[in-house]
Amino acid sequence: MCQSEARRGPELGAAKWLHFPQLALRRRLGQLSCMSRPALKLRSWPLTVLYYLLPFGALRPLSRVGWRPVSRVALYKSVPTRLLSRAWGRLNQVELPHWLRRPVYSLYIWTFGVNMKEAAVEDLHHYRNLSEFFRRKLKPQARPVCGLHSVISPSDGKILNFGQVKNCEVEQVKGVTYSLESFLGPRTSTDDLPFAPATPCGSFRNQLVTREGNELYHCVIYLAPGDYHCFHSPTDWTVSHRRHFPGSLMSVNPGMARWIKELFCHNERVVLTGDWKHGFFSLTAVGATNVGSIRIYFDRDLHTNSPRYSKGSYNDFSFVTHANKEGIPMRKGEHLGEFNLGSTIVLIFEAPKDFNFKLKAGQKIRFGEALGSL
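Residues numbered from 1 in each chain as written. Predicted model: local features only at pLDDT ≥ 70, side-chain atom pairs only at ≥ 80, totals over all residues. Heavy atoms only, no water.

S.K.: An account of the overall build of the chain is requested, with residue identities and associated values reported.
M.R.: The helix and strand inventory of the chain stands at 10 helices and 17 strands. Among the 374 residues that make up the chain, the fraction classed as buried is 47%. Excluding contacts between residues fewer than 6 apart, the proportion of contacts in the chain whose partners are at least 24 apart in sequence is 75%. As displayed, the chain has an accessible area near 19,600 Å², and 57% of this comes from carbon and sulfur atoms. (Helix = DSSP H or I, 4+ residues; strand = E, 2+ residues; numbered from the N terminus. Buried < 20%, exposed > 50% of the residue type's maximum accessible area, 1.4 Å probe, protein only. Contact = heavy atoms within 4.5 Å. Areas by Shrake-Rupley, 256 points an atom, 1.4 Å probe, with all protein chains shown as cover.)

S.K.: Lay out the pairing of strand 13 (residues 335-339) with the relevant residues and their values.
M.R.: With 4 of 5 residues buried, strand 13 lies mostly within the body of the structure. Across 3 bridges, strand 6 (residues 230-232) lies against strand 13 in antiparallel orientation. Each residue of the ladder has a partner; that of C230, found in strand 13, is E338. In terms of strand pairing, strand 10 (residues 294-296) meets strand 13 through 3 bridges, oriented antiparallel. Bridge pairing in strand 13 places R295 opposite E338. (Pairing = 2+ DSSP bridges.)

S.K.: Account for the sheet that holds strand 10, with residues named and values stated.
M.R.: Across the sheet, 3 strands lie side by side as 6-13-10; this open sheet has antiparallel pairing. Where the open sheet ends on each side, the last strands, each with one partner, are strand 6 and strand 10. Averaged over all pairs of adjacent strands, the angle between their axes in this sheet comes to 20 degrees, without regard to strand direction. (Axes fitted to C-alpha atoms, helices over the stretch in contact; angles between N-to-C directions.)

S.K.: Provide a residue-level description of the packing of aromatic side chains, including the pertinent values.
M.R.: All told, the structure shown has 21 aromatic pairs when counted by the stated rule. Relative to Y314, the ring of F245 has its centre 5.5 Å away and its plane inclined at 40 degrees; by these criteria the two rings are tilted. Here F245, found in strand 7 (residues 237-245), pairs with Y314, found in the loop between strand 10 and strand 11 (315-318); they are 69 residues apart in sequence, far enough to count as distant. Residue classification places F245 among the buried positions, given a relative accessible area of 8%. On the basis of an interplanar angle of 85 degrees and a centroid distance of 5.2 Å, the ring pair of F355 and F357 is categorised as edge-to-face. According to the relative accessible area criterion, F357 is buried, its value standing at 17%. Here a set of aromatic residues connected by ring pairs shows up, and it is made of F162, Y217, W237, W276, F281, F349, F355 and F357. The positively charged end of R136 is found above the aromatic ring belonging to F133, 4.9 Å away from the centroid. Lying across the ring of F245, R269 places its NZ or CZ 3.9 Å from the centre. (Phe/Tyr/Trp six-rings, centres within 6.5 Å; stacked < 30°, edge-to-face > 60°. Lys NZ or Arg CZ within 6 Å of the ring centre and 35° of its normal.)

S.K.: Can you tell me about the nonpolar core, naming the residues and giving the values?
M.R.: Of all hydrophobic cores here, the largest spans 31 residues; its most connected members are L347 and F349. Secondary-structure elements contributing two or more residues to this core are strand 5 (214-222), strand 7, strand 8 (269-276), strand 9 (279-286), strand 10, strand 13 and strand 14 (344-352). Take this core: its biggest share by element is 4 residues, from strand 14. Those residues within four positions of F349 in sequence are excluded, and the remaining contacts are E215, L216, Y217, W276, F280, F281, F355 and F357. (Core = buried A, V, L, I, M, F, W, Y, C linked by side-chain atoms within 4.5 Å.)

S.K.: Describe the UniProt feature "modified residue: Pyruvic acid (Ser)" (unreviewed entry) in the chain, naming the residues involved and giving the relevant values.
M.R.: The residues that UniProt annotates with the feature "modified residue: Pyruvic acid (Ser)" (unreviewed entry) are S343. With respect to the element layout, S343 can be found in the loop between strand 13 and strand 14. Among the residues examined, S343 registers a relative accessible area of 0% and is labelled buried. (UniProt positions renumbered as here; feature names shortened; annotations may be inferred.)

S.K.: Could you give an account of the sheet that holds strand 15 (residues 356-357), with specific residues and numbers?
M.R.: As a general point, the strands of a sheet are linked pairwise by backbone hydrogen bonds and lie either parallel or antiparallel. Pairing in this open sheet of 3 strands is antiparallel, and the strands run 1-17-15 from one edge to the other. Strands with a single pairing partner mark the edges of an open sheet, and in this sheet they are strand 1 (151-152) and strand 15. Taken together, the 2 bridges between strand 1 and strand 17 (residues 370-373) define a ladder with antiparallel strand orientation. Counterpart to V151 in the pairing with strand 17 is G372.

S.K.: Give me helix 5 (residues 98-112): which residues, what numbers.
M.R.: An ideal rise of 1.5 Å per residue puts 21 Å on 15 residues; helix 5 measures up with 22 Å between its terminal C-alpha atoms. Buried within helix 5 are the following residues: R101, Y105, Y108 and I109. Taken down its axis, helix 5 places every buried residue within 100 degrees of arc, on the same side. Away from the buried face of helix 5 by more than 90 degrees, exposed residues W99, L107 and W110 are located. Buried residues belonging to helix 5 abut helix 6 (130-134). (Expected span 1.5 Å × (residues − 1). Arc of directions from axis to C-beta.)

Right, here's the structure in full:
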């Protein structure tokens, strides 16, 4: 045997051993490809988690043999947020010992910047559990309601976006949109809904705008964990219909809203629709992680984050009956509902073209302050 062949022998042997793991991985990936989709996801999760957690791309050589990690968005969507939120809700109901309440609530106040001077009850020992503390009421004079403007902020929070609805798309944050029809749900032809049945030639937006010369507007308000968690009526209007969408309970903070397209359409939400003096008006309470509980004070039949509802469906309820042919009248500033922890309110309404928002994107706002007027 010549020297060149002798040198090549060890190289060929090393190459064989280097290729062996790749061949084994390809064979294993071939077996995975024959599995059902749920089983494949289950087997892919551990590798995917390690792929994103391990430093220096330790598992990136796997991509050379055809393996691809589940995307971060898909991985996050697969987290059982509904189950976790129900467990968190149960934990919030546990009564805390009297001696533990002050340190627990003080830590929360320090973490999220809660202003307890505005609370109707400032004594921390008064709140028996976390749920009562989250849903604390404010002093009557803490939030004066602006009487000069036609639409006020229904809650404390941060303005994520606002403006006219264009091309049936609404911005959840700057540059990231969701479908208006996916968010509010398909049209129905029942007589008790506040909008007309769908017509083949009209767009979804045109079905909501009931008066000639009006435009459709939207406003998105994010409630942080430290904010006041109740929400109120933003104007004088009549609620005639409720639509509840069971769904995911992903975080709705601004960073997540930039990351996941149509986030508000994926999450559980309660859509209240009706009329105000200028036509169609709707308020939607969007759930979030650990915020499975959305309560509407006048709707005792509403049960959110319940196992009996399947994700992807929706259920309707009409407040228009034979005894009450108009619905539920709401006055501006009147108590409407509450969240646990924090979430998002989305207003979508019809108004004349000269309606103007008194806002800036990203600004902090408090319940009772002006959103806009004619």
